[in-house]
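Here are the chains, one letter per residue:
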Amino acid sequence: MSIIRSHDITLCGGNDEYKVILCPLSDEHLPYLYKWNSDSEVLYWTEGEDIESYPPEVVHQIYGGISQNNLCFALKVNNEIIGECWLQKMNLPNVKKMYAADADVRRIDMSIGEKSYWGHGIGTLFIGMLVKYAFECEHVDVLHCFSEDYNIRSRRVWEKNGFQLVFTEEIPQPHKGKVQYHWRLTKDEYQERKIESF
Ligand SMILES: CC(C)(COP(=O)(O)OP(=O)(O)OC[C@H]1O[C@@H](n2cnc3c(N)ncnc32)[C@H](O)[C@@H]1OP(=O)(O)O)[C@@H](O)C(=O)NCCC(=O)NCCS
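Residues numbered from 1 in each chain as written. Predicted model: local features only at pLDDT ≥ 70, side-chain atom pairs only at ≥ 80, totals over all residues. Heavy atoms only, no water.

Draft legend 1. Examining a nonpolar patch on the surface more closely. Together, Met98, Val166 and Phe167 make up a nonpolar patch on the protein surface, roughly 220 Å² of accessible area in all. Assignment of secondary structure puts methionine 98 in the loop between helix H4 (93-96) and strand S5 (105-112). (Patch = residues over 30% accessible without salt bridge, like charges linked within 9 Å, V, L, I, M, F, W, Y side chains within 5 Å. Areas by Shrake-Rupley, 256 points an atom, 1.4 Å probe, with all protein chains shown as cover. Salt bridge = Lys/Arg side-chain N within 4 Å of Asp/Glu carboxyl O. Helix = DSSP H or I, 4+ residues; strand = E, 2+ residues; numbered from the N terminus.)

Draft legend 2. The site of the ligand, seen in detail. Around the ligand, a shell composed of 20 residues is seen, among which Ile112, Gly119, Gly121, Thr124 and Lys160 lie nearest. Separating an oxygen atom of the ligand from a backbone N or O atom of isoleucine 112 is a distance of 2.6 Å. Contacts to the ligand include histidine 120, whose backbone N or O atom sits 3.3 Å from an oxygen atom. Looking at the shell around the ligand, the elements that each hand over two or more residues are helix H2 (40-46), S5, helix H5 (122-136) and helix H6 (152-160). Counting residues per element, the shell around the ligand draws most heavily on H6, at six residues. Here the shell around the ligand is composed, by residue class, of eight nonpolar, nine polar and three charged. (Near = heavy atom within 4 Å. Polar contact = N/O pair within 3.5 Å; in protein donor to acceptor, adjacent residues only side chain to side chain. Nonpolar A, V, L, I, M, F, W, Y, C, P; charged D, E, K, R; others polar.)

Draft legend 3. How the structure looks around the sheet that holds strand S8 (residues 179-186). Judged by pairing direction, the sheet is mixed, and its eight strands sit side by side in the order S1-S2-S3-S4-S5-S6-S8-S7 without closing on themselves. Looking at which strands have only one partner, the edges of the open sheet turn out to be strand S1 (11-14) and strand S7 (164-170). The mean inter-strand angle of the sheet, taken between neighbouring strand axes irrespective of direction, is 25°. Pairing analysis gives five bridges linking strand S2 (residues 19-24) to strand S3 (residues 71-77), with the strands arranged antiparallel. Across the sheet, leucine 22 pairs through a bridge with leucine 75, a residue of S3. (Pairing = 2+ DSSP bridges. Axes fitted to C-alpha atoms, helices over the stretch in contact; angles between N-to-C directions.)

As structure tokens, this is what we get:
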């Protein structure tokens, strides 16, 4: 039996420099996930706590668990697998309470595990593709995403994709971040932004 529950959705996009494909994450990507999840520099940015490394069993728990009910993608750029992202049903009760009980609220989590690709605009590109898919194909009502104060690249990716800062939450100390930022993009905001860009 496979560890990661896969799906059959592939998203294509990019620009003149980077051909970007979001393909279904599956067990064939586990060697990449082991590598990135044992790199303390990558984990510094993805985890709230200071984690040096996750062993394979924990990697199985994380990706095996999340993929059961959510869409997980591998990020392929110019034919190389460099990262992963998730489109996940909102799992935090305090955030769900901010919206109507029947609203389809999701979050996106993202990571480029190959560090040499950080800061080249790829995050902004692939999150744009996933946002488009979420609203236009999955008919999501709201995307509600997060970044901590020290992660400026993450913050910029949300901002550049039209997300609004809606809530700032103090993080109990001691902790790496002092503040958790909550970013929101609704279906209507997405449509308005699309019309404006024509
Ligand atoms: C977060 C992540 C997906 C962003 O993708 P990316 O391709 O690196 O980001 P982009 O290049 O699209 O955008 C980064 C932006 O941050 C800006 N930036 C980076 N460092 C900065 C700094 N010190 N001060 C100000 N802006 C900074 C860049 O200038 C760019 O903004 P601009 O286009 O307006 O100039 C990627 O960096 C990553 O995976 N990092 C490690 C894991 C992680 O942080 N995951 C997110 C957890 S919430």
